[in-house]
Amino acid sequence: MSPRVARAALLATTGGLTALAALHAAPAVSTLGPLRNRTMPRLSGRGRPDHIALTFDDGPDHLSTPHFLRLLEREGVRATFFLLGSMLARSPGLGKEMAAAGHEIGVHGWAHRPLVLRGPRATRDDLARARDLIGEVTGEPPRLFRPPYGVMSTSAHLACRDLVLTPVLWTAWGEDWRARATPRSVHDTVMGSLRGGGTVLLHDSDCTSATGSWRTTLAALPALLDTWRARGWRTGPLRDHGCRGLYGA
């Protein structure tokens, strides 16, 4: 093979790989919150204007999640918890307790790693492993999936289709994972972008966040619930949110 032909082949291969990588990562554009909220209502979790979907990521954590369960029980509120399979494997009894208390359980993957760095097989295996354990523990197969860091990939969309999972992100978050977050900052950050029909992301574990950050989230939660009630918004899990197409309807 002549040097010119070899160079042309290398360029063609490199161009093909670049195109494939771009195709794989293209869904990551949904990470851009304002764009997602305007153009992707189902993925954002847009529901009825009189309802707020309360969601938590990264549990179940035997140190922190029980505090959230007790607070929600006192408030008469149910939520959607997106669980990591690796965390559920450590506390299956807690996962069973969450489901028995009426909370909705979704998949957050097995390990909290960016999906854009994984290929199709690794992505599917990660989601399937978490989905299967959640179904085994709770007695009901989960229907929703939230990707780590909120970043989807083409492989993740294909895996969700194969595993009968629907991806859903959020319309507002509290940035409660930050070390400098306070209950007031979490409340104000959520309310800065939340509208009726929104889905809120918080964390019931600090396994991927600043150490002890769950305490800040827990302290912020009563004020958030009070604010939503004052605005005439009901709070509940995504299954009660009225988000069109989220469950295949």
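Scroll up to find the structure.
Residues numbered from 1 in each chain as written. Predicted model: local features only at pLDDT ≥ 70, side-chain atom pairs only at ≥ 80, totals over all residues. Heavy atoms only, no water.

A. Local environment of helix α4 (residues 65-75). Buried residues of α4: T65, P66, F68, L69, L71 and L72, and no others. Elements in contact with the buried residues of α4: β1 (51-57), β2 (80-83), α6 (92-100), β7 (199-203) and α10 (213-230). Positive phi appears at G76, one or two residues downstream of α4, with a value of about 70 degrees. (Buried < 20%, exposed > 50% of the residue type's maximum accessible area, 1.4 Å probe, protein only. Helix = DSSP H or I, 4+ residues; strand = E, 2+ residues; numbered from the N terminus. Contact = heavy atoms within 4.5 Å.)

B. Local environment of the pattern of salt bridges. According to the stated counting rule, one finds ten salt bridges in the structure shown. The salt bridge involving R118 is made with D126; its shortest N-O contact spans 2.9 Å. Each member of the pair R118 and D126 is classed as buried. (Salt bridge = Lys/Arg side-chain N within 4 Å of Asp/Glu carboxyl O.)

C. Summary view of the layout of surface pockets. In this model, the second largest pocket occupies a volume close to 320 Å³. In terms of lining residues, the second largest pocket is bounded by 15 residues, among which R42, C160, L165, T166 and P167 are the most central. The set of elements that each furnish at least two residues to the lining of the second largest pocket consists of α3 (41-44), α8 (154-163) and β5 (166-167). With four residues, the top contributor of residues to the lining of the second largest pocket is α8. For the lining of the second largest pocket, the residue count by class is eight nonpolar, four polar and three charged. (1 Å grid on protein atoms, 1.4 Å probe; cavity = no way out; pocket = protein on both sides within 12 Å on 5 of 7 lines; lining within 4 Å. Points joined across faces, edges and corners; volume = space filled by probe spheres on them. Nonpolar A, V, L, I, M, F, W, Y, C, P; charged D, E, K, R; others polar.)

D. The arrangement of the packing of aromatic side chains in detail. Counted according to the given criterion, the structure contains five aromatic pairs. Both rings, one in W170 and one in W173, keep their centres 5.5 Å apart while their planes meet at 25 degrees; by these two values the pair is stacked. The ring of W110 carries R129 above its face, with NZ or CZ at 3.8 Å from the centroid. (Phe/Tyr/Trp six-rings, centres within 6.5 Å; stacked < 30°, edge-to-face > 60°. Lys NZ or Arg CZ within 6 Å of the ring centre and 35° of its normal.)

E. How the structure looks around helix α9 (residues 183-193). Among the residues of α9, V186, H187, V190 and M191 are the ones counted as buried. For α9, the angular spread of the buried residues around the axis is 120 degrees, confining them to a single face. Facing away from the buried side of α9 by more than 90 degrees, the exposed set consists of R184 and G192. On its buried face, α9 is in contact with β6 (172-173), β7 and α10. (Arc of directions from axis to C-beta.)

F. Geometry of the nonpolar core. Within the largest apolar cluster, 48 residues are counted, with the highest numbers of intra-cluster contacts made by L54, F56, F81, L194, L202, L221 and W228. Per-element tally for this core: the top contributor is α10, with seven residues. Setting aside anything within four residues of it in sequence, one finds L221 in contact with L54, F56, F68, L71, L72 and L202. In this structure, V168, L238, C243 and L246 belong to the second largest nonpolar core, which totals seven residues. (Core = buried A, V, L, I, M, F, W, Y, C linked by side-chain atoms within 4.5 Å.)

G. Structural detail: the side chain of H108. As for its placement among the helices and strands, H108 is situated in the loop between β3 (104-107) and α7 (120-138). Engagement of the side chain of H108 in a polar contact is seen with the side chain of H112, the distance being 3.4 Å. Reaching out from H108, the side chain makes a polar contact with the backbone oxygen of R146 at a distance of 2.7 Å. Excluding its chain neighbours within four sequence positions, the residues that come into contact with H108 are D57, D58, F82, L83, L84, F145, R146, P147 and P148. (Polar contact = N/O pair within 3.5 Å; in protein donor to acceptor, adjacent residues only side chain to side chain.)

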